[in-house]
Amino acid sequence: MEHQRTLNFTMSKFTSVIWPKVILFGDSITQYSFQVNGWGAEIANKLARKCDVVNRGLSGYNSRWAKIILPRFISSQNSEDKKIAAVTVFFGANDCSLEDKNPQQHVPLQEYSENLKEISRFLTSAGVSADRVIFITPPPVHEPAWEKECILKGCSLNRHNSVAGQYAQACVQAAGQCGSDVLDLWTLMQKDGQDYTVYLSDGLHLSEKGNQFVAEHLWGLLESRLSDLPFILPYWGDVDPKSPESSLLCDQ
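Summary of the structure given here. As the structure is a computational prediction, the values presented were derived from the model and not from experiment.

**As for the sheet that holds strand E4 (residues 133–136)**
Right, on to step 1. In spatial order, the strands read E2-E1-E3-E4-E5; together these 5 strands make up an open sheet with parallel pairing. Strand pairing shows two members of the sheet lacking a second neighbour, strand E2 (52–57) and strand E5 (181–183), which therefore form its edges. Looking at each pair of strands side by side, their axes are set apart by 20° on average, direction ignored.
Right, on to step 2. In terms of strand pairing, strand E1 (residues 21–26) meets E2 through 6 bridges, oriented parallel. Each bridged residue has a counterpart across the sheet, and for Val 22 the counterpart in E2 is Val 53.

Here's what the structure looks like:
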């Protein structure tokens, strides 16, 4: 009992540990990224004990809806949001749906570009500077494979790879105007005429190889931003076994 009272008193003198955060904001390709061998899970593993990787992927969402809901996720008034180390913004795969085939998810190209810039402006206002934001373009679309998925759902092909490319280019341009880095998946996955279909599981979403591709290239952009993050809480071998409180409750 005496030890408990001492511990309670000791703990009252210290503030909580607020871990830095990397927020993955996007559509289904982000939502699914925490599945086995997913790109988000790989990034989280690399950053274990350094920061929390938060999945804010929303299947089926487009940039129009994203800019509306973002203030519900991030606020300059939240002390924890002041320790955001990086944010990925990964929309476009739904925006580029053909208007006549999928009007619910379709967002016109110019509006898509403006939505991305509005998301960037909001993040800046919330204290997340442009150099901590990474935009990710939609990947290519393999039309024959995706058409099969569409038919199974009772609809006709609702995306074209050429159109996805237009949205990818708009994303690249918006990122440049915002002063942020961009991961251009649409271009990289088709570079030098390589078979990009190996990166897709159903013509739209990522395969295991596609997840590895995203993780590798995204980490190349994140590593320089996060390399200085310290290891949070002491290595177990450094904890004083006779007085663990002196090791575990010290400010880092």
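**Things to note about the packing of aromatic side chains**
Right, on to step 1. Applying the stated criterion to the full structure yields 7 aromatic pairs.
Right, on to step 2. For the ring pair Trp 39 and Phe 90, a centre distance of 6.1 Å and an interplane angle of 50° mean the geometry is tilted. Pair noted here: Trp 39 is in helix H3 (residues 39–46) and Phe 90 is in strand E3 (residues 84–90), with a separation of 51 residues, a long-range link.
Right, on to step 3. Since its relative accessible area comes to 0%, Trp 39 is described here as buried.
Right, on to step 4. Overall, Phe 90 belongs to the buried group, its relative accessible area being 1%.

**Structural notes on the packing of helix H4 (residues 63–73) against helix H5 (residues 109–125)**
For any two helices packed against each other, the geometry comes down to the angle between their axes and how far apart the axes lie.
Right, on to step 1. Remark: H4 packs on H5, axes separated minimally by 9 Å, with the N-to-C direction vectors making an angle of 15°. With respect to H5, the element H4 is oriented roughly parallel. Judged by the sense of rotation from one axis to the other, the crossing of H4 with H5 is left-handed. Across the interface between the two elements, Ser 63, Arg 64, Ala 66, Lys 67, Leu 70 and Pro 71 of H4 pack against Glu 111, Tyr 112, Asn 115, Glu 118, Ile 119, Phe 122 and Leu 123 of H5.

**As for the layout of surface pockets**
Over the atoms, a rolled probe matching the size of one water molecule traces out where space is still vacant.
Right, on to step 1. Computed from the structure, the second largest pocket encloses a volume of approximately 160 Å³.
Right, on to step 2. Forming the boundary of the second largest pocket are 14 residues, of which Asn 94, Gln 105, Trp 146, Lys 153 and Arg 159 lie nearest the centre.
Right, on to step 3. Residue composition of the lining of the second largest pocket, grouped by class: 4 nonpolar, 8 polar and 2 charged.

**Notes on the pairing of E4**
Right, on to step 1. Taking every second residue as pointing to the same face, both faces of E4 are buried, with Val 133 and Phe 135 on one and Ile 134 and Ile 136 on the other.
Right, on to step 2. Of the strand pairs in this sheet, E3 and E4 are connected by 3 bridges, and their pairing is parallel. Residue Thr 88 lies in a different strand from E4, and its bridge partner there is Ile 134.
Right, on to step 3. Traced from E3 through H5 to E4, the parallel crossover comes out right-handed.
Right, on to step 4. Pairing of E4 with E5 involves 3 bridges; the strand directions are parallel. Considered in E5, the bridge of Ile 134 is made with Asp 181.

Parameters and conventions
- Residues numbered from 1 in each chain as written.
- Predicted model: local features only at pLDDT ≥ 70, side-chain atom pairs only at ≥ 80, totals over all residues.
- Heavy atoms only, no water.
- Pairing = 2+ DSSP bridges.
- Helix = DSSP H or I, 4+ residues; strand = E, 2+ residues; numbered from the N terminus.
- Axes fitted to C-alpha atoms, helices over the stretch in contact; angles between N-to-C directions.
- Phe/Tyr/Trp six-rings, centres within 6.5 Å; stacked < 30°, edge-to-face > 60°.
- Buried < 20%, exposed > 50% of the residue type's maximum accessible area, 1.4 Å probe, protein only.
- Parallel < 35°, antiparallel > 145°, perpendicular 65-115°, else oblique.
- Left-handed = near helix turned anticlockwise from the far one by under 90°.
- Contact = heavy atoms within 4.5 Å.
- 1 Å grid on protein atoms, 1.4 Å probe; cavity = no way out; pocket = protein on both sides within 12 Å on 5 of 7 lines; lining within 4 Å.
- Points joined across faces, edges and corners; volume = space filled by probe spheres on them.
- Nonpolar A, V, L, I, M, F, W, Y, C, P; charged D, E, K, R; others polar.
- Right-handed = clockwise from strand over helix to strand, strands pointing away.

Worth remembering: the numbers are spatial, not functional.
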